[in-house]
Amino acid sequence: MTLTTPNLAETLPAIEADVLVCGGGVAGTVAAVAAARQGARTVLMERYGFLGGNATAGAVAQFNSWQTAAGRRVVAGLAQEVVERLRGYGGAGEHHSFVMSTGHRMDRVEYAPELLKLVLDDLVREAGVQPLLHATLLDVQREGRRIASARVLTKGGPRTVRPQVLIDTSGDMDAMKHASATFLELGDGEALQPATMMFRFGPIDFARLDALSSEEKEAIARRGFEQGELARAALHLARDPFSDDGWFNISRLGIDATDPMALGRAEIEGRRQAWRAAAFLQRALPGCERGRLLNFGTQVGIRETRRVAGDHVLTAEELLRPEPFADAIAAGAYPIDIHPAAGGGLTYRALGEEHAYRIPLRSLIPRGLDNALVAGRGISATHEALAAVRVMTICMAMGQAAGTAAAMAVRADGGADLRAIDVQALRRQLLGDGACLA
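In this numbering scheme, every chain counts its residues from 1 along its sequence in written order. The predicted nature of this model means local features are confined to residues of pLDDT at least 70 and side-chain atom pairs, given and counted, to a pLDDT of 80 or more, with totals for whole chains, interfaces and linings taken over all residues. Think of the side-chain values as coming from all heavy atoms in the structure, minus any hydrogens and water.

## What about the overall build of the protein?
Comment: elements are numbered from the N terminus, with helices defined as DSSP H or I runs of at least four residues and strands as E runs of at least two. Check the secondary structure of the protein and you find twelve helices and 18 strands. Throughout, radius of gyration means the C-alpha value; the globule benchmark is 2.2 Å times the number of residues raised to the power 0.38. Since a compact globule built from 438 residues should have a radius of gyration of about 22 Å, the 21 Å found for the protein is in line with a globular shape. With the C-alpha coordinates of the protein rotated into their principal frame, the extents come out at 65 × 60 × 45 Å. Across the protein, every contact between residues at least 6 apart in sequence was considered, and the portion connecting residues at least 24 apart equals 74%. In what follows, a contact means two residues having at least one pair of non-hydrogen atoms within 4.5 Å.

## A word on the pairing of strand β14 (residues 328–332)
The buried label applies to any residue whose accessible area, calculated with a 1.4 Å probe on protein chains only, is under 20% of its type's maximum; exposed applies above 50%, and partly exposed to all values in between. Of all the five residues making up β14, five are buried; the element is thus mostly covered by neighbouring parts of the structure. Two strands qualify as a pair provided that DSSP identifies no fewer than 2 bridges between them. Bridging between β14 and strand β17 (residues 357–360) involves four bridges; their strand directions are antiparallel. Across the sheet, Ala331 pairs through a bridge with Arg358, a residue of β17.

## Things to note about the side chain of Glu110
In this fold, Glu110 is placed in strand β5 (residues 105–110). According to the relative accessible area criterion, Glu110 is buried, its value standing at 12%. Polar contacts here mean pairs of N or O atoms no more than 3.5 Å apart (in protein, one a potential hydrogen donor and the other a potential acceptor; neighbouring residues in sequence count only if both atoms are side-chain atoms). Within the structure, Glu110 has its side chain in polar contact with the side chain of Arg108 (distance 3.2 Å). In contact with Glu110, other than residues within four places in its own chain, are Ala61, Gln62, Gly91, Ala92, Gly93, His96, Leu237, Ala238, Arg239 and Pro241.

## Focus: helix α8 (residues 260–284)
To estimate how far a helix should reach, multiply one less than its number of residues by 1.5 Å. Helix length check: α8, at 25 residues, gives a terminal C-alpha distance of 36 Å against a target of 36 Å (1.5 Å per residue), a fit within 8%. The backbone nitrogen of Met261 lies 3.0 Å from a side-chain oxygen of the residue at the head of α8, namely Asp259.

## With respect to helix α11 (residues 392–413)
Between its terminal C-alpha atoms α11 stretches 31 Å, which fits the 32 Å expected from 22 residues at 1.5 Å a residue. Note on α11: the residue one or two positions beyond its end, Gly414, has a positive phi of about 70 degrees.

## Details of the pattern of salt bridges
Salt bridges are defined as contacts in which a side-chain nitrogen from Lys or Arg sits within 4 Å of a carboxyl oxygen from Asp or Glu. Applying the stated criterion across every chain yields a total of 27 salt bridges. Across the pair Glu16 and Arg162 runs a salt bridge, and its minimum N-O distance is 2.4 Å. Of this pair, Glu16 sits in strand β1 (residues 15–22) while Arg162 sits in strand β9 (residues 157–168), placing them 146 residues apart in sequence. Relative accessible area serves as the criterion here: at 39%, Arg162 is assigned to the partly exposed category. Arg145 is the salt-bridge partner of Asp370, the closest N and O atoms lying 3.0 Å from each other. Residue Asp370 is located in the loop between β17 and β18 (372–374), and its partner Arg145 is located in the loop between β7 (136–143) and β8 (146–154); the two are separated by 225 residues in the primary sequence. The class for Asp370 is buried, based on a relative accessible area of 14%. Look at the salt bridges and you will find they share partners, linking Arg37, Glu81, Arg85 and Glu126 into a network.

## Section: the domain arrangement of the protein
Throughout the structure description, domain borders are defined by an automatic or database domain assignment. Under the domain assignment, the protein is made up of domain 1 (15–187 + 304–433) and domain 2 (199–296). The straight-line distance from the C-alpha centre of domain 1 to that of domain 2 is 28 Å. Each side of the interface is counted separately: domain 1 has 31 residues, and domain 2 has 22 residues. By definition, the buried area sums, over both parts, the 1.4 Å-probe accessible area that each loses when the two are put together. For the pairing of domain 1 and domain 2, the buried interface totals around 1900 Å² over both sides, and the portion due to carbon and sulfur atoms is 58%. Applying the counting rule to domain 1 against domain 2 returns four residue pairs in polar contact (both at pLDDT 80 or more). Elements supplying a minimum of two residues to the side of domain 1 that touches domain 2: β4 (96–99), β5 and α4 (113–127).

## Some details on the sheet that holds strand β3 (residues 62–64)
The three strands are arranged β3-β5-β4 in an open sheet whose pairing can be described as antiparallel. Of all the strands in the sheet, the pair left with one neighbour each is β3 and β4. Between one strand axis and the next, the sheet turns by 45 degrees as a mean value, whatever way the strands run. Bridge count between β4 and β5: four bridges; the pairing is antiparallel. Across the sheet, residue Ser97 finds its bridge partner in β5, namely Asp107. All axes here are fitted lines through C-alpha atoms, helices being fitted over the stretch that makes contact, and every angle between N-to-C directions spans 0 to 180 degrees.

## Examining the packing of helix α2 (residues 26–37) against α4
Two elements in contact, α2 and α4, have axes whose closest approach is 8 Å; the angle formed by their N-to-C orientations is 25 degrees. Here α2 is positioned roughly parallel relative to α4, judged by the angle of their axes. Considering the relative orientation of α2 and α4, their crossing is left-handed. Judged by residue contacts, Val26, Thr29, Val33, Ala36 and Arg37 of α2 engage Leu116, Leu120, Leu123, Val124 and Ala127 from α4. Polarity classes work like this: nonpolar for Ala, Val, Leu, Ile, Met, Phe, Trp, Tyr, Cys and Pro, charged for Asp, Glu, Lys and Arg, and polar for all others, with Gly in that last group. Looking at the contact of α2 with α4 residue by residue, the class counts come to eight nonpolar, one polar and one charged. Any angle that is under 35 degrees is reported as roughly parallel, and any over 145 degrees as roughly antiparallel; angles of 65 to 115 degrees are reported as roughly perpendicular and all others as oblique. By definition, turning the near helix anticlockwise from the far helix through less than a right angle yields a left-handed crossing, and turning it clockwise yields a right-handed one.

## Regarding the sheet that holds strand β12 (residues 246–248)
In spatial order, the strands read β11-β12-β10-β13; together these four strands make up an open sheet with antiparallel pairing. A strand with exactly one partner marks an edge of an open sheet, and here the two such strands are β11 (237–239) and β13 (292–296). For this sheet, the mean angle separating the axes of adjacent strands, direction not counted, is 30 degrees. Sheet topology note: the strand β10 (residues 199–202)/β12 ladder contains three bridges and is antiparallel. When the sheet's bridge partners are listed, Phe201 is paired in β12 with Gly246. Strands in contact with α8 are β10, β12 and β13; relative to β10, the strand with the most contacts, it is inclined by about 20 degrees.

Here is the structure:
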């Protein structure tokens, strides 16, 4: 007698949704909340049992670049609400500017990654988003220019989700890959930006550490790199709001994170780099003598993998002009910051004091698909342009725009064609919801 296993995806009812968001990082969570607040039935799929992506699992621990060098705010809206809610939990520091160990000036808000999980839980629950956690995308069914459904592997078996609009915020653009979307290639001489294993180290005497000049920190970092104890010549960290610990961002892992074998090797190598770096900090960095390595990030933080080919490919030249896009749906002022896959330095193109740039809706719409959007680090941008717009503050701004646009498309024509939405009405809605567009 032959036993057969039933196909659970066929026996369980499909989940009907107006909007399916694939990937629960900060871009995806904000997209889902924005769509649900506009009345869309929204499902948010995430592989972990918590939301936040690089912000929580990757333990990046700081939201960078809210303003121009002169202090004009360019990111607000739902991203700012995330920070305000973090402060309600006591989990975020004050917005401030600082000089990195590499000598570059930056503004940021430091936060506690564990409390960010609570904030994102609150947001999705209050908005009525249906979270689908511990879920992995299996495949996407496409009918011509439309995405018809997605199969998701859950703890209860495979489930089918039938959305009117799909938003891919997976970072690696996994849904778009399954949908056979077109992707942009790296140019001559370009390589994927490396990954980083964040690690928590403490206690730190911040008074002693902060008393060091940027030149002194740069010299210590250079010595650590030249001695083979640091993977890159940097001592960049974000302070934990609750303690005298810091989250360090000083490893370097040159991989294609869509390669499962390479990704596994990088996780192991990242922990090894973090251990060596922690020993160096304890021995060589004033204020760190009593510290020790306390935690690794749950996963390596990924800067770049796939970039979708959209209706418009955002370029570095357009950011540097800046181009006044009529369909701008987000703004930013983070510089072009390219970490090479090998070596200790980075390429850093700072912007002018009042310089900010815009991101067009067309860079969020994949070519050849009518009911799909992307947001986060996989948007339609060149390698150099992505080096500016990939940071989490800007990704949240893009997520808010994508979720709002998806809900508007569902209301207008059942999500039949995202290119048919009233872009100026979308911009008015985003401005009304507190977003910055210029």
